[in-house]
Each structure stands twice: as C-alpha cells, then as structure tokens.
Amino acid sequence: MEVAAEKDILHEIMTCIQCGSCSSSCPGADNLDLTRRQLWRMLQMGLVEEAMSTELFWQCTTCSMCEIRCPRGIPLNKIIMELRERYLEKNGPYGSMQQMTTILNLTKSITGDEPKNRLLWTENIPDITLEEREKLVKDQAEVVYFTGCVSALFPQAYKIPQSLTRILLKGGIDFSLLGEDEWCCGYPKLAAGCGEDSIKDFAAHNIEVVKAKGAKTLLVSCPTCYHVWKNEYSNLGKQHQIEIKHYTEYLPELIKQGNIQFKTDEVTITYHDPCDLGRKSDVIEEPRELIRLLPGVKLVEMRFTGKDSKCCGGGGNLEMTNSELSLEIAQKRVAEAMETNAQYLVTTCQQCKRTLQNAVRKNRARLKVYDLLEFIAERIDTTTGGEAK
Ligand code: SF4
Ligand code: SF4
Ligand code: SF4
C-alpha cells in the first residue's frame, strides 16, 4: 500500500529525516520493542499494514513531546490518532476500549454512572452551608464549572471539585454546576480511535446546556476537558463564543482581590505541568503565578518543566492499554520530583495526580501529591473562616 495514496495526514511522514529526536524524547522509549523512528520508517516505505500490526501507536500517552522536538514539524500526534482510527476500523476496539466506548455511548460518562451521581461529590463539601450547597446548580450564572467525569465520579478525586467550589464561594463568584446535564467531553473516544465525528453529539449537547445558563465563562479543572473544549469542539465546527478557562487562568485575579486569607507557614513544592495544559495549551506561567500568590509557599522547579515537562504516563488511555508502561513513566517523573527535595508534588490535572500518586506509592517516596486546587483549599486559614481580616 502506497503512503502517497493514503489520507494526507500519513503523507506528512514523508518529510521525516530519520533523526531519531522523537524516539529519544519519548517517555516510553526504554520500554518498547521498536522505536518511534522505526515506526515512521515503515510508513515512509508504504508498509502501513506492518506498521499497524506493531500496535506501537497504542503505547503512547499522546503527550506531544515527540512533536515539539521534531525538526521537520511533523504532526506526529495526528498520525498516531490516524493509525488508531484505522486500527479500530479494521480490528474493532483495542483491548478494554470496547467496554469503555460502549459505556460512554450509553451513559455519557466514563464510569457508567447514572446522571444524578454527578452530584454525589457535593454532598460532603467541607466548610459550606446547606443553603450554599442547594444553590450549586442554578438556572442562570455568569460562570459554569464543567467538572469532568473523573473529578465528579471517582471518589478519590472528589476533593478537586470540592476545593474549587469552596474557593469560588469564598471569592463570591456567581457560578453554577451542570450537574445531571453534564456529559463527558468526549476525549476518551478520540483516544480510542473513534474519530472526531464520534464526539459531535457530546460537543453539541455540552455547548447547548452551558449556553442555556447564559454563561460567558466556562471554568474547567481538567486539562483534557480544557483542550477538547478549546480546540476539538471548534475543529468540529461547533462555534460557541464561550470563554474557556482552566482554573489556573481564572483564580489569580480572584485571589489578588484579597478576600481569602491563607496560612503563612513555609512549605516547598514542585510543580508538574500536565501535557494538555502546558505543552499543548501553553498555560505554563499561570499555575506558577497562582502558586506565587500563596504566602509561605516556595516553588522549586524540576529539571524538565513547561513545554519540556516530562509526561506522567496517564494520558492517551495508556493506563487502559498498558498499565505497566504507564506506571514506569510515572515512576521516572516522580524520581525527578524527588531530586528537588520538595515536600509536595503539585499538579493541575486529576489524572496526573492519580498516576503520580500511584508511582509515589510504588517508589515509596516521601512526597505528598496534590492537585493545586486541593493544595490551595488546604492553605485557606480556617481559623479566620478563610475570610480576609
Ligand atoms: S506523543 Fe509522547 S508518548 Fe506518544 S510517541 Fe510522542 S513522545 Fe512518545
Ligand atoms: S523527530 Fe521528526 S524527523 Fe526526526 S525521526 Fe522523528 S519524525 Fe522523523
Ligand atoms: S495525565 Fe496529564 S501529564 Fe499525563 S498525559 Fe495527561 S495531561 Fe499529560
């Protein structure tokens, strides 16, 4: 099969000069039988079926490190997605993705939970009144908080949306949750190779329910939801005129208003940039600005940060397809964090937090892993009720 006859996106690989930068920058490189460069070579030679049979494109977190290092600017992530789509067309869903996509299509959530369970995490938010809790889902609001499936439906992650809710309430923000009306953003289907068309319904529904609240701003705590809302929904032609903000872009202004009082004891943290937020969305300075606004908190950077940040191993559905590889990648990142001697490893993604926490346990590392929201909420000075004096 000639690559030239294939869809344009695979044809892009013809400009590859086989330099190997992608292979050496790939976080999973040490654990794979073939290198990324060898995979691209197969495609260049027209050996598309052989390339597909390696399944190497499933052993990938879609972290985009290879893409930013490629001197020819080849869209390697898109090529990987194209190979996944072709695999699905030919062989059906890969591994456990069959179950995941079926559940998603039926229930619009990655866990198969019924819609009302999307609000279970609101039942025990510390430090808020019953009246405040009853007003978390409103008919109209300036700001809508799109919680995302993992934060809303995995009890281990509940503290993330609970923390943002506490901070927004303390800051006096007029916001609403979508509650039962929220659907998955659709990313797991994209990563499973189902293609952009498969999430059109998800995009249309989510945009409609946010617009129905009259919201101007959509706030997200998940970098992947952020990426999907900001880029994928627009690529699908779903123009929505809603301002999409990750909480790290929104909270600095709120905290600068000085309405929230924080603890001042000294702690040292290091920060892991989630790939979807840092490398893919260029939200790099904002989380650091937010950290600098917290009194007593000293940030020490890891060797690889910002655009060069190493992946945590949790993206691209890799945990589902190869949990061992995912954990090995996370262990390397934790080892890097340990070099900083920080007390906390803080990130801004619930999935990064989960994979890094698993690796901390495996490495028996003395590091506390937090999402920045949990960290900020824990730094609120409850002796003053969190109110500024
Ligand atoms: S996207 Fe990341 S994990 Fe995938 S091939 Fe590129 S560097 Fe490796
Ligand atoms: S970095 Fe780019 S040019 Fe170099 S081998 Fe990889 S795909 Fe080819
Ligand atoms: S979970 Fe976070 S760091 Fe890991 S792949 Fe996703 S965005 Fe990247």
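An account of the accompanying structure is given in this report. Note that the structure is predicted; figures quoted are calculated from it, not measured. Every chain's residues receive numbers from 1 upward, in the order its sequence appears when written. By the order in which they are written, chains take letters starting at A while ligands take numbers starting at 1. The predicted nature of this model means local features are confined to residues of pLDDT at least 70 and side-chain atom pairs, given and counted, to a pLDDT of 80 or more, with totals for whole chains, interfaces and linings taken over all residues. Side-chain descriptors were evaluated using all non-hydrogen atoms of the structure, hydrogens and water having been removed beforehand.

### Examining the pairing of strand β3 (residues 217–220)
Residues Thr217 and Leu219 point to one face of β3 and Leu218 and Val220 to the other, with burial holding for every one of them. Looking at chain direction, strand β1 (residues 143–146) and β3 are connected through four bridges and run parallel. When the sheet's bridge partners are listed, Val144 is paired in β3 with Leu218. Here β3 runs beside strand β4 (residues 243–246); their pairing, made up of four bridges, is parallel. Residue Thr217 lies in a different strand from β4, and its bridge partner there is Glu243. The classification of residues rests on relative accessible area computed with a 1.4 Å probe and restricted to protein chains. Under 20% of the type maximum is buried, over 50% is exposed, and intermediate values are partly exposed. Each helix is a run of DSSP H or I of at least 4 residues and each strand a run of E of at least 2, with the numbering of both proceeding from the N terminus. Strands pair, by our definition, only if DSSP identifies at least two bridges between them.

### Topic: the environment of Cys185
Along the chain, Cys185 turns up in the loop between β2 (175–177) and α11 (187–191). Cys185 sits in the buried class, given a relative accessible area of 5%. Along the chain, Cys185 and Lys108 lie 77 residues apart, while their C-alpha atoms are 8.9 Å from each other. Ignoring any residue separated from it by four or fewer positions in sequence, one finds Cys185 in contact with Phe146, Ile199, Phe202, Asn206, Cys225, Val228 and Tyr233. What makes two residues a contact is simply this: any of their non-hydrogen atoms within 4.5 Å.

### A few points about the site of ligand 2
Surrounding ligand 2, one finds 13 residues, the nearest of these being Cys16, Cys19, Gly20, Cys22 and Cys70. In the cavity and pocket records, a cavity denotes points on a 1 Å grid over the protein atoms alone where a 1.4 Å probe fits but cannot get out, a pocket denotes an open set with protein on both sides within 12 Å along at least 5 of 7 lines, and lining residues are residues with an atom within 4 Å of a point. For a molecule to be placed in a cavity or pocket, more than half of its atoms must lie within 2 Å of the grid points of that cavity or pocket. One can see that ligand 2 is located within the largest cavity. Of the residues in the shell around ligand 2, the class split is nine nonpolar, three polar and one charged. Here, proximity means that at least one heavy atom of the residue falls within 4 Å of the molecule or strand. Three categories are distinguished: nonpolar for Ala, Val, Leu, Ile, Met, Phe, Trp, Tyr, Cys and Pro, charged for Asp, Glu, Lys and Arg, and polar for the others, with Gly belonging to the last.

### What about empty space enclosed by the protein?
Grid points are joined across faces, edges and corners, and a volume is the space filled by probe spheres set on the points. On inspection of all chains with the given rule, the structure shows four cavities of 30 Å³ or more. Considered as a void within the structure, the largest cavity measures approximately 100 Å³ in volume. Taken together, 16 residues line the largest cavity, and the ones lying closest to its centre are Cys16, Cys19, Cys22, Cys70 and Ile74. The residue inventory of the lining of the largest cavity, partitioned by class, reads eleven nonpolar, three polar and two charged. Around the second largest cavity sit Cys26, Pro27, Arg36, Cys60, Thr61, Thr62, Cys63, Ser64, Cys66, Asn77 and Ile80, which together line it. When grouped by side-chain class, the residues that make up the lining of the second largest cavity number six nonpolar, four polar and one charged.

### Section: the site of ligand 1
Taken together, Cys26, Pro27, Arg36, Cys60, Thr61, Thr62, Cys63, Ser64, Met65, Cys66 and Ile80 make up the full set of residues adjacent to ligand 1. Most atoms of ligand 1, that is more than half of them, are within 2 Å of grid points of the second largest cavity. Here the shell around ligand 1 is built from residues that sort into seven nonpolar, three polar and one charged.

### Some thoughts on the nonpolar core
Note on soluble globular proteins: their nonpolar side chains tend to be buried together. Counting 101 residues, the largest nonpolar core has Trp40, Leu251 and Phe375 as its most contacted members. Of all the elements, helix α6 (residues 76–91) adds the most residues to this core, at six residues. One finds Met302, Ala359, Val360 and Leu367 within the second-largest nonpolar core, a separate group that totals 14 residues. The definition of a nonpolar core used throughout is a set of buried Ala, Val, Leu, Ile, Met, Phe, Trp, Tyr and Cys residues joined through side-chain atoms within 4.5 Å.

### Points about the sheet that holds β3
Taken in spatial order, the four strands line up as β2-β1-β3-β4 in an open sheet, and their pairing is parallel. Edge positions in the sheet fall to β2 and β4, since each has one partner strand and no second. Neighbour-to-neighbour, the strand axes of this sheet turn through a mean angle of 30°, independent of strand direction. Where helix α10 (residues 159–170) meets the sheet, it contacts β1, β2 and β3, and its direction lies at approximately 155° from that of β2. With axes taken as lines fitted to C-alpha atoms, and helix axes fitted only over the stretch in contact, angles between N-to-C directions fall between 0 and 180 degrees.

### A short note on the sheet that holds strand β7 (residues 344–347)
In spatial order, the strands read β6-β5-β7-β8; together these four strands make up an open sheet with parallel pairing. The open sheet is flanked by β6 (297–299) and β8 (368–371), the only strands paired with a single partner. Direction aside, neighbouring strands of the sheet carry axes that sit 35° apart on average. Contacts from helix α18 (residues 350–363) reach β5 (267–272), β7 and β8, with the element oriented near 175° to β8. Lying on the sheet, helix α19 (residues 372–379) is in contact with β5, β6, β7 and β8; it crosses β8 at an angle near 95°.

### Focus on unusual backbone geometry
A positive phi angle is found at Asp127, which is not glycine, with a value near 75°. With respect to the secondary-structure elements, Asp127 resides in the loop between α7 (97–107) and α8 (130–134). Taking relative accessible area as the criterion, Asp127 reaches 43% and is therefore assigned partly exposed. Within the chain, Asn341 stands out as a residue other than glycine whose phi angle is a positive 60°. By secondary structure assignment, the location of Asn341 is in the loop between α17 (323–338) and β7.

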